[in-house]
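# Coordinates in review
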Amino acid sequence: MGSMDPFTAGDRIFSFMSIVFPLIFLLVFGLIIYGIIASIRQSQRNNKQPVLTVQANIVNKRTEVRSRSNHQHNNDGFMNHSSSTSTDYYITFQVESGDRIEFEVSGQESGLLAEGDNGRLTFQGTRYLGFQR
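These remarks concern the structure in this document. (Residues numbered from 1 in each chain as written. Predicted model: local features only at pLDDT ≥ 70, side-chain atom pairs only at ≥ 80, totals over all residues. Heavy atoms only, no water.)

Moving on: the overall build of the protein chain. Helix and strand counts for the protein chain come out as two helices and five strands. Of the regular secondary structure in the protein chain, the N- to C-terminal order runs α-β-β-β-α-β-β. Looking at the protein chain as a whole, 17% of its 133 residues are labelled buried. Look at the contacts in the protein chain between residues 6 or more apart in sequence, and 51% of them connect residues 24 or more apart. Accessible surface for the protein chain amounts to roughly 10,300 Å². Of this, 56% is attributable to carbon and sulfur atoms. (Helix = DSSP H or I, 4+ residues; strand = E, 2+ residues; numbered from the N terminus. Buried < 20%, exposed > 50% of the residue type's maximum accessible area, 1.4 Å probe, protein only. Contact = heavy atoms within 4.5 Å. Areas by Shrake-Rupley, 256 points an atom, 1.4 Å probe, with all protein chains shown as cover.)

What follows is the structure, given as structure tokens:
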């Protein structure tokens, strides 16, 4: 008759999961490898560029704060909560031609510079090397 074997549905789910989990693992692993390769390529492109020093004006400063939360159960059954934040600092320069270029800088460097500062910007490709008033 039309009765369903109780293990058939479970076997299907197990079979489905045995295919999906490795695919997800491969996707995540592939994205990590892609990120590493892209970073290496960008570094190589920057290394091939000349080091340029140009007159520039600081027209904008911004930050990007990222937070990460972690929740874990310990052996006593209690939940441990931890979180961390990181801040990225960006400065936008306007060069004599009117073009604007944004670079990521350290927090210390960002603290030393202010909007409206004029000086000499040194960079190589997308790599910020310094700014002198």
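From this point, the narrative continues.
Once that is clear, we can look at the side chain of Asn46. Turning to its location among the elements, Asn46 is positioned in helix α1 (residues 6-48). Contact partners of Asn46, with chain neighbours within four places excluded, come to Gln124, Gly125, Thr126 and Arg127.

Ranked by size, the top nonpolar core spans 12 residues in total: Ala56, Ile58, Ile91, Phe93, Val95, Phe103, Val105, Leu113, Leu121, Phe123, Tyr128 and Phe131. When contributions to this core are tallied by element, the ones reaching two or more residues are β1 (51-73), β2 (79-95), β3 (100-105), β4 (118-124) and β5 (127-132). When residues of this core are assigned to their parent elements, the largest contribution, three residues, is made by β2. Contacts of Leu121, omitting those with residues within four sequence positions, involve Leu52, Thr53, Val54, Ala56, Phe93, Phe103, Tyr128, Gly130 and Phe131. (Core = buried A, V, L, I, M, F, W, Y, C linked by side-chain atoms within 4.5 Å.)

Let's shift gears to the packing of aromatic side chains. Taken as a whole and assessed by the stated rule, the structure comprises six aromatic pairs. When the ring of Phe93 is compared with that of Tyr128, the centres are 6.0 Å apart and the planes differ by 15°; the resulting orientation is stacked. Highlighted residues: Phe93 in strand β2 and Tyr128 in strand β5, separated in sequence by 35 residues. Across the pair, exposure class does not vary: Phe93 and Tyr128 are buried alike. In textbook terms, an aromatic cluster arises when at least three aromatic residues are bridged by ring pairs, as seen for Phe93, Phe103, Phe123, Tyr128 and Phe131. (Phe/Tyr/Trp six-rings, centres within 6.5 Å; stacked < 30°, edge-to-face > 60°.)

So, on to the pattern of salt bridges. All told, the structure shown has four salt bridges when counted by the stated rule. Arg66 is the partner of Asp88 in a salt bridge, and the nearest nitrogen-oxygen pair spans 2.9 Å. Of this pair, Asp88 sits in strand β2 while Arg66 sits in strand β1; the two residues are 22 residues apart in sequence, bridging distant segments of the chain. Asp88 sits in the buried class, given a relative accessible area of 12%. (Salt bridge = Lys/Arg side-chain N within 4 Å of Asp/Glu carboxyl O.)

Another point: the environment of Asn80. One can find Asn80 in strand β2. By relative accessible area, which is 39% here, Asn80 ends up partly exposed. C-alpha separation for the pair Asn80 and Asn70, spaced 10 residues apart in sequence, amounts to 8.0 Å.

The next subject is the side chain of Ser110. Relative to the elements of secondary structure, Ser110 occurs in helix α2 (residues 107-112). Residue classification places Ser110 among the buried positions, given a relative accessible area of 6%. The contacts of Ser110, once residues within four sequence positions are left out, are Lys61, Tyr89, Ile91 and Val105.

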